[in-house]
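Remarks on the overall topology
In case you want the letters, here they are:
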Amino acid sequence: MRAAVMYGARDVRVEDRPDPKIVKPADAVVRVVAACVCGSDLWPYQSMPVTDTGRPMGHEFLGVVEETGAEVTGLKTGDLVLAPFTYSDNTCDYCAKGLHISCRNGGRYGFDGVDGGQGEAVRVPYADGTLVKLPVAADSALLPALLTLSDVMTTGHHGAVTAGVGRGDTVLVVGDGAVGLCAVIAAKRLGAERIVLAGRHEARTDLGRDFGATDVVAERGEEGMARIRELTGGVEKVIEAVGTRQALDTALGAVLDGGTISRLGAPQYELGPLGRAEFMRNITLTGGASPARAYIEQLLPEVLDGTITPGRVFDRTFALDQAPDAYRAMADRQVLKALVAP
């Protein structure tokens, strides 16, 4: 099969790899119908050390089941399924409390002998626990929106839930990438009355307004924090969807004492400003990697009936052999989120 493999910074290649096969009885082999490039893929794209073996890429995909192991009972050949961005057994103690990201038997696509999602097919461990059957055909116009439930929409939702967003709230979303825009959708869905989107790419912030943002702040740093405070007087709920120190500083500068910051962006720093000054403000710092599997079935009906339309974050489609172009286009900010169609 053909699949995208990263060999180092800005070095993505599409090459022939072994076809996936059932290895364990709980496995399924899924033929990929749609995949995409994630903003988190861009961090290794900018900085990954050179390797001779390469790393299979991609963790967001949906497709058709081609084969199942002997222990798989809930899926059959021909089913259209969605894969959350990590696999999980959906039975361990962590999964039972909705923390599938910490599944004791789970893992990540592209590691430990598991295929990446940016390829023609994937072996999915713990298929019954991981995959969600979709009630549409493989050529449905809803596929882009459904694909967002693999990661960006469920991650945006995670930010809104962990920030405690509720009816009538004023919320700040820091970052106008796909996750930030989905966080706007999620905040509006949970009843936020005012949503301030901090971003400086007009096409993206315009989409954010369509999704429910009531205000846009393009300024950054101290100027941006001052503008947010001018607009709102300070906010109690912040969703930080970038992962840089500057984004965290903006969140800390805008949040009111006693407020909550939910971090969604994969942190590109080890140390943050969480000393005595922040301690005295009683700020709650929460968020983290989304347990996507726990949220898919909550959000799925609203994607199916068009109540939410997160598929609009995809603004260009690439063939699988164009995966290197998709990475370049996203890294160079020419594309918001690239859909990859094998």
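Below you will find a few notes about this structure.

Criteria and cut-off values
Note that residues are indexed from 1 along each chain, following the sequence as it is written. At least 70 in pLDDT is required for a residue's local features to be given in this predicted model, at least 80 for side-chain atom pairs to be given and counted, and no such filter applies to totals for whole chains, interfaces and linings, which use all residues. Calculated side-chain values reflect all of the structure's heavy atoms, with hydrogen atoms and water omitted. Strands are runs of DSSP state E lasting at least 2 residues, helices are runs of H or I lasting at least 4, and numbering of each runs from the N terminus. Throughout, radius of gyration means the C-alpha value; the globule benchmark is 2.2 Å times the number of residues raised to the power 0.38. With a 1.4 Å probe rolled over the protein chains alone, any residue whose accessible area is under 20% of its type maximum counts as buried; one over 50% counts as exposed, and the rest are partly exposed. It only takes one pair of heavy atoms within 4.5 Å for two residues to be counted as in contact. Note that His is not counted, nor are the chain ends; the positive residues are Lys and Arg, and the negative ones are Asp and Glu. The atoms used to mark charge sites are NZ of Lys, CZ of Arg, CG of Asp and CD of Glu. Note that the arc is computed from the directions linking the helix axis to the C-beta atoms. Note on pairing: DSSP must find at least two bridges between two strands before they are called paired. Axis lines are fitted to C-alpha atoms, over the contacting stretch for helices. Their N-to-C directions set the angle, which ranges from 0 to 180 degrees. Throughout, the term roughly parallel applies to angles under 35 degrees, roughly antiparallel to angles over 145, roughly perpendicular to angles from 65 to 115, and oblique to all others. Ten residue types, Ala, Val, Leu, Ile, Met, Phe, Trp, Tyr, Cys and Pro, are classed as nonpolar, four, Asp, Glu, Lys and Arg, as charged, and the remainder, Gly among them, as polar. Within this scheme a cavity is a closed region of a 1 Å grid, computed over the protein atoms alone, that accommodates a 1.4 Å probe without allowing it to escape, whereas a pocket is open but has protein on both sides within 12 Å along at least five of seven lines; lining residues each have an atom within 4 Å of a point. Grid points are joined across faces, edges and corners, and a volume is the space filled by probe spheres set on the points.

Moving on: the overall build of the protein. A count of helical and extended segments in the protein gives twelve helices and 18 strands. Relative to the 2.2 N^0.38 estimate, which gives 20 Å for 342 residues, the radius of gyration of the protein is 20 Å and therefore close to what a compact globule would have. Projected onto the principal axes, the alpha-carbon positions of the protein cover approximately 60 × 40 × 40 Å. For the protein, the residues scored as buried account for 54% of the 342 residues in total. A fraction of 69% describes how many contacts in the protein between residues 6 or more apart in sequence connect residues 24 or more apart. Charge-centre separation for the protein: the mean point of 35 positive side chains lies 2 Å from the mean point of 44 negative side chains.

Glancing now at helix α7 (residues 202-211). Three or more residues of α7 are buried, namely R204, T205, L207, G208 and F211. Projected onto a plane normal to the axis of α7, the buried residues spread over an arc of 155 degrees and lie on a single side. Exposed residues lying more than 90 degrees from the buried face of α7 are E202 and A203. Looking at the buried side of α7, the elements it contacts are α6 (178-189), β12 (194-198) and β13 (215-217). At the C-terminal side of α7, G212 shows a positive phi close to 135 degrees.

What follows deals with the sheet that holds β12. In a beta sheet, neighbouring strands are held together by backbone hydrogen bonds and run either parallel or antiparallel to one another. Reading across the sheet, the six strands line up as β13-β12-β11-β14-β15-β16 and stay open at both edges, with parallel pairing between neighbours. Edge positions in the sheet fall to β13 and β16 (284-287), since each of these pairs with one other strand and no more. Strand-to-strand twist of the sheet, defined as the mean angle between neighbouring strand axes without regard to direction, takes the value 20 degrees. Both strand β11 (residues 170-174) and β12 contribute to a ladder of five bridges, which runs parallel. If you follow L172 over to β12, its bridge partner there is V196.

Attention now goes to the pairing of strand β3 (residues 28-36). Along any regular strand the residues' side chains alternate between the sheet's two faces. The element β3 is extensively covered by neighbouring structure, given that eight of its nine residues are classed as buried. Of the strand pairs in this sheet, β3 and strand β5 (residues 61-68) are connected by seven bridges, and their pairing is antiparallel. Opposite A34, over in β5, you have L62 as the bridge partner. Taken together, the four bridges between β3 and strand β9 (residues 121-124) define a ladder with antiparallel strand orientation. Looking at β9, one finds that V30 is bridged to V122.

Okay, the packing of helix α5 (residues 152-162) against helix α11 (residues 292-304) next. Packing of α5 against α11 brings their axes to within 9 Å, and their N-to-C directions diverge by 95 degrees. On the basis of the axis angle, α5 is roughly perpendicular to α11. Residue-level inspection shows M153, T154, H157, H158 and V161 of α5 in contact with α11, the latter providing A292, Y295, I296, Q298 and L299. Residues that form the contact of α5 with α11 fall into these classes: six nonpolar, four polar and no charged.

This part takes up the layout of surface pockets. If you roll a probe as big as a water molecule over the atoms, it shows you where there is empty space left. Counted as a void, the second largest pocket has a volume near 200 Å³. Of the residues assigned to the lining of the second largest pocket, the class counts are seven nonpolar, two polar and five charged.

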